[in-house]
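Architecture at a glance
Each chain, letter by letter, is given below.
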Amino acid sequence: MKLTILRLTTLSDQDIIDLGKIWPEYPADTLQPDATHMLYAACFNERLLGAVRVTVNGQRAMLDSLRIRDLTRRRGVGLYLIEELLARHPEITHWEMSDQGVEDRAVMNAFMQALGFSPCAHGWQR
Ligand code: ACO
Ligand code: MG
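Parameters and conventions
- Residues numbered from 1 in each chain as written.
- Chains lettered and ligands numbered in written order.
- Predicted model: local features only at pLDDT ≥ 70, side-chain atom pairs only at ≥ 80, totals over all residues.
- Heavy atoms only, no water.
- UniProt positions renumbered as here; feature names shortened; annotations may be inferred.
- Phe/Tyr/Trp six-rings, centres within 6.5 Å; stacked < 30°, edge-to-face > 60°.
- Buried < 20%, exposed > 50% of the residue type's maximum accessible area, 1.4 Å probe, protein only.
- Pairing = 2+ DSSP bridges.
- Helix = DSSP H or I, 4+ residues; strand = E, 2+ residues; numbered from the N terminus.
- Axes fitted to C-alpha atoms, helices over the stretch in contact; angles between N-to-C directions.
- Contact = heavy atoms within 4.5 Å.
- Core = buried A, V, L, I, M, F, W, Y, C linked by side-chain atoms within 4.5 Å.
- Near = heavy atom within 4 Å.
- Polar contact = N/O pair within 3.5 Å; in protein donor to acceptor, adjacent residues only side chain to side chain.
- Areas by Shrake-Rupley, 256 points an atom, 1.4 Å probe, with all protein chains shown as cover.

As recorded by an unreviewed UniProt entry, the chain carries the name PanD regulatory factor and is attributed to Shimwellia blattae. The UniProt entry for the chain carries the following text under Sequence similarities (unreviewed entry): "Belongs to the PanZ/PanM family." A UniProt comment under Function (unreviewed entry) is attached to the chain, and it reads "Controls both the activation and catalytic activity of PanD in a coenzyme A (CoA)-dependent fashion."

So, in structure tokens, the structure goes:
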């Protein structure tokens with residue numbers, strides 16, 4: 001089975017279960033994506049291993065709530081998810097990742113720098 005990156009446009013019952021494991025703090029009815037609030041997820045064996053929210057505003061996009069499930073961390077999943085999402089939106093010239101809710105700032109900082117982002121006021125930018 002191959003790891004794939006999906007933009008979720010409608011959520012299946014299974015997606016809602018998987019997203020509930022990724023984001024136990026978010027009620028299911030707050031997750032519905034739309035044209036400007038996108039959800040991208042990394043999928044393996046028909047299960048979502050991690051996800052991120054993307055809010056687009058013109059040529060700028062804000063990322064938040066990136067989380068890869070504990071058991072699959074440090075295997076390149078996060079890097080693949082973000083690199084693929086950036087590649088699918090060449091129209092975006094400015095990317096930011098919010099630091100809101102980040103569990104471990106040092107880990108997130110190392111990860112964002114691996115992606116070529118640098119620290120800014122409320123997170124990281126590129
Ligand atoms: N320590 C140091 N460097 C790291 C670490 C770490 N623990 N994790 C990643 N990196 C860096 C390394 O350079 C790594 O490359 P390497 O493994 O070749 O050295 C590079 O980032 C890429 O790592 P990936 O394996 O792609 O990262 P992973 O898939 O584990 O995802 C992430 C990284 C997203 C930071 C993950 O650890 C995670 O989800 N952490 C929790 C993030 C968080 O706080 N989310 C909550 C937001 S609020 C909310 O969701 C409601
Ligand atoms: Mg991983």
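1. Some details on the packing of aromatic side chains
The tally for this structure, following the rule as stated, stands at one aromatic pair. Arranged with centres 5.7 Å apart and planes meeting at 55°, the rings of W23 and Y26 form a pair that is tilted. For W23, a relative accessible area of 2% corresponds to the buried category. Here Y26 falls in the partly exposed class, since its relative accessible area comes to 25%.

2. A few points about the sheet that holds strand β2 (residues 37–44)
Spatially, β1-β2-β3-β4-β5-β7-β6 is the arrangement adopted by the seven strands of the open sheet, whose pairing is mixed. Pairing within the sheet leaves two strands with one partner each, and these edge strands are β1 (4–8) and β6 (118–120). This sheet shows a mean twist of 30° between the axes of neighbouring strands, independent of strand direction. Judged from the three bridges that link them, strand β5 (residues 94–98) and strand β7 (residues 123–125) form a sheet pairing that is antiparallel. The residue of β7 that forms the bridge with M97 is W124. Against the sheet, helix α1 (residues 13–22) makes contact with β1, β2, β3 (47–57) and β4 (60–68), and its axis sits at roughly 85° relative to β3, the strand it touches most. Against the sheet, helix α2 (residues 77–87) makes contact with β1, β2, β3, β4 and β5, and its axis sits at roughly 160° relative to β4, the strand it touches most.

3. Observations concerning the nonpolar core
Counting 26 residues, the largest nonpolar core has L66, I82, L85 and W95 as its most contacted members. Secondary structure elements with two or more residues in this core: β2, β3, β4, α2, β5 and α3 (105–114). Among the elements that take part in this core, α2 stands out by supplying five residues, more than any other. Setting aside its immediate chain neighbours within four residues, W95 contacts V54, A61, L63, L85, L86, H89, F117, W124, Q125 and R126. With eleven residues, the next largest nonpolar core counts L8, W23, L39 and A51 among its residues.

4. Brief notes about the UniProt feature "domain: N-acetyltransferase" (unreviewed entry) in the chain
The feature "domain: N-acetyltransferase" (unreviewed entry), as annotated in UniProt, sits at residues 3–126 in this numbering. With 25% helix and 35% strand, residues 3–126 has end C-alpha atoms that lie 25 Å from one another.

5. Regarding the site of ligand 1
Taken together, 23 residues form the shell around ligand 1, and within it I68, R74, G76, G78 and E103 come nearest. Within the backbone of L66, a nitrogen or oxygen atom sits 2.8 Å from a nitrogen atom of ligand 1. Within the backbone of E103, an N or O atom sits 2.7 Å from an oxygen atom of ligand 1. Contact with the protein chains covers 78% of the free accessible surface of ligand 1, which is 1000 Å².

6. Observations regarding the UniProt feature "binding site: CoA" (unreviewed entry) in the chain
When the UniProt feature table is mapped to this numbering, "binding site: CoA" (unreviewed entry) covers L66, R67, I68, T72, R73, R74, R75, G76, V77, G78 and L79. In this structure, R67 sits in strand β4. Not counting residues within four places of it along the chain, the set of residues in contact with R67 comprises I22, W23, P24, E25, L49, G50, A51, R73 and E103. Residue position: R74 is located in the loop between β4 and α2. Overall, the relative accessible area of 87% leaves R74 in the exposed class.

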